[in-house]
Structures are given as structure tokens and as C-alpha cells.
Amino acid sequence: MSETRSDGELLRAVAADADRRAFEELYRRYAPWLRARLRGRCADAAVVDDVVQETFLAVWRGKARYREDGPSADVAGWLWRIGSRRLVDALRGDGARGRLRQALARLRHRDEVSAEERVLAGVEHGDLAGALVRLSPELRAVLQATVIDGLTTREAAVLLGIPPGTVKTRAMRARKQLREALA
């Protein structure tokens, strides 16, 4: 039976030798704890999972340096500081999802008119085209993302850079305004 290595031994093995077993043991030891702590700060499980992965990836790649003699000698506290910073970055949009959202927004706001916009502009059944044009840009964007593009509420939220609840509210307001305009 092998001895259980200390946290410091595991981190030295990861840093010096890229010891995969040491890394896996460290991950098994601390990932559930870190995930639980981060869930207390963020309800989005996908964001929390990304942050946990980014935290341990920083440890594996050596971007996060552990100092046994410094103020961060406690491994759990050290991992918490890395994870909490990564969570703040993710929530500010600096994480992978934020970069994806920015890339999608850049693609979405090109100068050329999209095929969907041409179709919407050409709709001649009733006064739908006019009713759509009279919607505010925010409401029209939500309708386009959810109805025309077929995105889920969460996907539309990422694309538009707004909370999912705001997507739902705007979609509801847009439908109500369209019903009133077409009645």
C-alpha cells in the first residue's frame, strides 16, 4: 500500500516533473471542495465547472506558483485565491464564454445585411414587416436570436451579452407588442 503524499509533495511533483498521477490526486482531493465553494458564489454550474478546470489547468501549466513558505502556504487557500480570481474574470466576461460572446457579437454586427433581416424586411403577410420595424432594436434582436436563429434563451443571452432573464422578458414584450400591432 502506498503512502498518501502531502499537498506540498504533490505540488512539487507536478511542478518539477509534470507528474500526472500527482496532479490527478491533487485534483481529486480539491476539485470537489473548490467546486462547492465556487457554487456558493455563482449559481451557473457550467461557469463553475469552467472555472475549476481553468484553475487546475493553471496549476498544471505552472502559471500558478505555490510557495510553501509564503502567506499562501495553505494549498486550499491558494487554490481558492486562484479559483475566485478566475470566477471574477469569467463573470466579467474575460473568460472563455466572454471571449466567445465578443466574437459572436463582432460577427453579428457586420455592416452587411443578414439573410434573416432581408427575409424579415420582405415579409408581406399583414403588417408584420412594419410591426417588426417598429420594435426597439433590443426587442428585435431578441426575437431574431430566439425565433429566426432558433437559439435557446441561454445561447441568446451569451450572444447578446445580457442575462437570460432579460432575454425572456424582452421576448415576452416583443411578442405582446407584435400581437397588439397586428390585432
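From a predicted model like this one, the values you see are computed outputs, not experimental measurements. Position labels on residues start from 1 in each chain and follow its written sequence. With the structure being a predicted model, the display of local features is reserved for residues of pLDDT at least 70 and the display and counting of side-chain atom pairs for 80 or more, all residues being used for whole-chain, interface and lining totals. Only hydrogens and water are set aside when side-chain values are computed; all heavy atoms of the structure are taken into account.

**Q** Just checking my understanding: could you explain the packing of helix α2 (residues 20-39) against helix α3 (residues 45-61) for this structure?
**A** Two packed helices can be described by the angle between their axes and the distance between those axes. Inter-axis angles, ranging from 0 to 180 degrees, are taken between N-to-C directions of lines fitted to C-alpha atoms, where helices are fitted over the stretch in contact. Helix numbering and strand numbering both begin at the N terminus, where a helix is a DSSP run of H or I of at least 4 residues and a strand a DSSP run of E of at least 2. Relative orientation of the contacting elements α2 and α3 amounts to 145°, with a least axis distance of 10 Å. In the crossing of α2 with α3, the sense of the turn from one axis to the other is right-handed. Packed against α2, whose contacting residues are Arg20, Phe23, Leu26, Tyr27, Tyr30, Ala31, Leu34, Arg35, Leu38 and Arg39, the element α3 presents Ala45, Val48, Asp49, Val51, Val52, Gln53, Thr55, Phe56, Val59 and Trp60 at the interface. Crossings are sorted by hand: turned counterclockwise from the far helix by less than a right angle, the near helix makes the crossing left-handed, and turned clockwise it makes it right-handed. Contacts: residue pairs with any heavy atoms within 4.5 Å of one another.

**Q** Can you walk me through the packing of helix α8 (residues 137-148) against helix α9 (residues 153-160) in this structure?
**A** Axis separation between α8 and α9 bottoms out at 9 Å; the angle between their running directions is 135°. Taken together, the axes of α8 and α9 lie oblique to each other. In terms of crossing hand, the pair formed by α8 and α9 is right-handed. Along its contact with α8, which presents Ala141, Val142, Ala145 and Thr146, the element α9 presents Ala156, Leu159 and Leu160. Here the contact of α8 with α9 is composed, by residue class, of 6 nonpolar, 1 polar and no charged. Should an angle fall under 35 degrees it is taken as roughly parallel, and over 145 as roughly antiparallel, whereas 65 to 115 is taken as roughly perpendicular and any remaining angle as oblique. Three classes are used: nonpolar for Ala, Val, Leu, Ile, Met, Phe, Trp, Tyr, Cys and Pro, charged for Asp, Glu, Lys and Arg, and polar for all others, with Gly counted as polar.

**Q** Where do I start with helix α1 (residues 7-17) in this structure?
**A** Since the α-helix advances by 3.6 residues per turn, residues separated by three or four positions end up pointing in the same direction. Buried residues are those whose accessible area, probed at 1.4 Å on protein chains only, stays under 20% of the maximum for their type, while exposed residues exceed 50% and partly exposed ones sit between those limits. What α1 keeps buried is the set Asp7, Gly8, Leu10, Leu11, Ala13 and Val14. Along its buried surface, α1 packs onto α2, α3 and α4 (75-92). Among the residues trailing α1, Ala18 stands out with phi positive, at a value near 50°.

**Q** Just checking my understanding: could you explain the pattern of salt bridges for this structure?
**A** By salt bridge we mean one thing: a side-chain nitrogen of Lys or Arg within 4 Å of a carboxyl oxygen of Asp or Glu. Summed over all chains, the structure comprises 6 salt bridges. Arg20 is the partner of Glu24 in a salt bridge, and the nearest nitrogen-oxygen pair spans 3.8 Å. Of this pair, Glu24 and Arg20 both sit in helix α2, 4 residues apart, which is roughly one turn of the helix. Overall, the relative accessible area of 55% leaves Arg20 in the exposed class.

**Q** I'm lost on the packing of aromatic side chains in this one. Help?
**A** Think of a pair of aromatic rings as described by two things: how far the centres are apart, and how the planes are tilted against each other in angle. Side-chain rings of Phe, Tyr and Trp, where Trp is taken by its six-membered ring, are said to pair if the distance between their centres is within 6.5 Å; with planes under 30 degrees apart they count as stacked, over 60 as edge-to-face, and otherwise as tilted. Applying the stated criterion to the full structure yields 4 aromatic pairs. Relative to Trp33, the ring of Tyr30 lies with its centre 6.4 Å away and its plane at 85°, an arrangement referred to as edge-to-face. In this pair, Tyr30 and Trp33 are both assigned in helix α2, 3 residues apart and thus about one turn of the helix distant. Each residue in the set Phe23, Tyr27, Phe56 and Trp60 is aromatic and connected to the rest through ring pairs, giving one cluster.

**Q** What exactly am I supposed to notice about the environment of Asp89 here?
**A** If you trace the backbone, Asp89 turns up in helix α4. Each C-alpha atom, one on Asp89 and one on Val51, is 9.3 Å from the other, the two residues being 38 residues apart in sequence.

**Q** Teacher, can you tell me more about α3 here?
**A** With 17 residues, α3 extends 24 Å between its outermost C-alpha atoms, agreeing within 8% with the 24 Å of an ideal straight helix rising 1.5 Å per residue. Where α3 begins, one side-chain oxygen reaches toward the backbone nitrogen of Ala46, 3.0 Å away; that side chain belongs to Asp44. In the segment just after α3, Gly62 is the residue with positive phi, at about 80°. Expected helix span is computed as 1.5 Å times (number of residues minus one). N or O atoms within 3.5 Å of each other form a polar contact, as long as, within protein, one can give a hydrogen and the other can take it, and as long as residues adjacent in sequence are counted only when both atoms are side-chain atoms.

**Q** Explain the nonpolar core to me, please; I cannot follow it from the model alone.
**A** Generally speaking, nonpolar side chains in soluble globular proteins are found buried as a group. By nonpolar core we mean a set of buried residues, namely Ala, Val, Leu, Ile, Met, Phe, Trp, Tyr and Cys, connected to one another through side-chain atoms within 4.5 Å. The biggest cluster of nonpolar side chains holds 25 residues, and the ones touching the most others in it are Leu26, Tyr30, Leu38, Val52, Phe56, Val59 and Leu79. Of all the elements in the fold, those that place two or more residues in this core are α1, α2, α3 and α4. In this structure, Ala145, Ala156, Ile162 and Val167 belong to the second largest nonpolar core, which totals 8 residues.

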